[in-house]
Amino acid sequence: MLNTHNIYFRYDAENEFHLPDLSLKGGQNLLILGQSGSGKTTLLNILGGLLKPINGEVIIDNTSIYKLYESKLDKFRGNNIGIVFQKPHIITALTVRENLQLAAYFAHSQSGDRIDYILNELDIGHKAQSKIQHLSEGEAQRVSIARALVNSPKIILADEPTSSLDDVNSHRVMELLMEQAGKMDAVLIVVTHDQRVKNHISNRITVGVKK
Ligand SMILES: Nc1ncnc2c1ncn2[C@@H]1O[C@H](COP(=O)(O)OP(=O)(O)OP(=O)(O)O)[C@@H](O)[C@H]1O
């Protein structure tokens, strides 16, 4: 489902990264660990089709994603990759439902029917008409997860998804991510420093800086 080969990226002479090869099947989870500045978010962005590596390949479902033209890559990303960012990338002036409709629209997907299902699965169905700015932090993070899942991605990438949550919500968010990834037979990759998250996933790699 997800394979990477020989990925190399550099921002500058101080920050260059040779990233470990990955090979994950649907339903498998992976935790990415490493010190601050070691390149975890960089790796996640490369896996998510957001940052083209200087060398190497990211292959998702037999497609080498950086060989796609930009517009095709955008569409491929929308349909196949769900990203949960550290700070929710949701539009606060819109309602919960509108944010999810927008995600489905950008992927040109017919996921409209899934919106209610996903919101209910994440226990925020009753907030569908609420503006994001009126939600609690935990609820907003669940909307961010719902948005990442609405197009039934094959790959779910989550960058510190629990960093601003209390213990109860942190546990709940990890359970939800793992449960949903399992139901969709998706690959789930989580970057974290959070000890509470480490307890959920035993398959792990540590990335380090090579200068
Ligand atoms: N656009 C950029 N230009 C130059 N350097 C960058 C850029 N983005 C990140 N870096 C540097 O690359 C290194 C890796 O950044 P990255 O965000 O991948 O680390 P990280 O492991 O996710 O860190 P943290 O755990 O603190 O979030 C850092 O030293 C950072 O300063």
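See the structure above.
Residues numbered from 1 in each chain as written. Predicted model: local features only at pLDDT ≥ 70, side-chain atom pairs only at ≥ 80, totals over all residues.

A. Local environment of the overall build of the protein. Scanning the protein for helices and strands turns up 7 helices and 10 strands. Overall size of the protein, expressed as C-alpha extent along the three principal axes, is 50 × 40 × 30 Å. Out of the 211 residues in the protein, the part that is buried amounts to 38%. (Helix = DSSP H or I, 4+ residues; strand = E, 2+ residues; numbered from the N terminus. Buried ≥ 20, exposed ≤ 12 C-beta atoms within 10 Å, placed from the backbone.)

B. How the structure looks around the site of the ligand. Residues in close proximity to the ligand include Tyr11, Asp12, Asn15, Gly34, Ser36, Gly37, Ser38, Gly39, Lys40, Thr41 and Thr42, which together make up its full environment. Counting residues per element, the shell around the ligand draws most heavily on helix H1 (residues 40-47), at 3 residues. Of the residues in the shell around the ligand, the class split is 1 nonpolar, 8 polar and 2 charged. (Near = placed C-beta within 6 Å. Nonpolar A, V, L, I, M, F, W, Y, C, P; charged D, E, K, R; others polar.)

C. Up close: unusual backbone geometry. Phi is positive for Asn6, close to 50°, though the residue is something other than glycine. By C-beta crowding, Asn6 is classed as exposed, having 11 other C-beta atoms within 10 Å. One non-glycine residue, Ser152, lies in positive phi territory at about 50°. Along the polypeptide, Ser152 turns up in the loop between helix H5 (137-149) and strand S8 (155-159).

D. Layout of helix H6 (residues 167-184). Under the 1.5 Å per step criterion, the end-to-end length of H6 is 26 Å for 18 residues, consistent within 8% with the ideal 26 Å. Those residues of H6 lying buried are Ser170, Val173, Met174, Leu177, Gln180 and Ala181. One face of H6 carries all of its buried residues, which in axial projection span an arc of 140°. Set apart from the buried face of H6 by more than 90 degrees, the exposed residues are Asp167, Val168, Glu175, Glu179 and Lys183. On its buried face, H6 is in contact with strand S4 (29-33), helix H4 (114-121), H5, S8, strand S9 (187-191) and helix H7 (195-198). Among the residues trailing H6, Asp185 stands out with phi positive, at a value near 55°. (Expected span 1.5 Å × (residues − 1). Arc of directions from axis to C-beta. Contact = placed C-beta atoms within 7 Å.)

E. Summary view of the sheet that holds S4. With parallel pairing, the 5 strands of this open sheet are ordered in space as S7-S8-S9-S4-S10. Strand pairing shows two members of the sheet lacking a second neighbour, strand S7 (81-84) and strand S10 (204-206), which therefore form its edges. Mean inter-strand twist for the sheet, computed between neighbouring axes without regard to direction, equals 15°. With 4 bridges joining them, S4 and S9 adopt parallel strand pairing. Residue pairing across strands places Ile32 opposite Val191, the latter belonging to S9. (Pairing = 2+ DSSP bridges. Axes fitted to C-alpha atoms, helices over the stretch in contact; angles between N-to-C directions.)

F. Looking closely at H5. The end-to-end C-alpha distance of H5, which contains 13 residues, comes to 19 Å, matching closely the 18 Å that a straight helix rising 1.5 Å per residue would cover. Taken residue by residue, H5 has Ala140, Gln141, Arg142, Val143, Ser144, Ile145, Ala146, Arg147, Ala148 and Leu149 as its buried positions.

G. The packing of H5 against H6, seen in detail. It is at 11 Å that the axes of H5 and H6 come closest, and there the two elements cross at 10°. As summarised for this structure, H5 and H6 are arranged roughly parallel, according to the angle between their axes. Facing H5, whose interface residues are Gly138, Gln141, Ile145 and Leu149, H6 presents Asn169, Val173, Leu176, Leu177 and Gln180. (Parallel < 35°, antiparallel > 145°, perpendicular 65-115°, else oblique.)

H. A look at the pairing of S9. Counting buried residues along S9, 5 of its 5 residues qualify, which places the element largely inside the surrounding structure. Here S9 shows no split at all, with Val187, Ile189 and Val191 on one side and Leu188 and Val190 on the other all buried. Of the pairings in the sheet, the one linking S8 to S9 comprises 5 bridges and is parallel in character. Bridge pairing in S9 links Ile156 to Leu188. Once the chain exits S8 it traverses H6 before rejoining the sheet at S9, and the crossover so formed is right-handed. (Right-handed = clockwise from strand over helix to strand, strands pointing away.)

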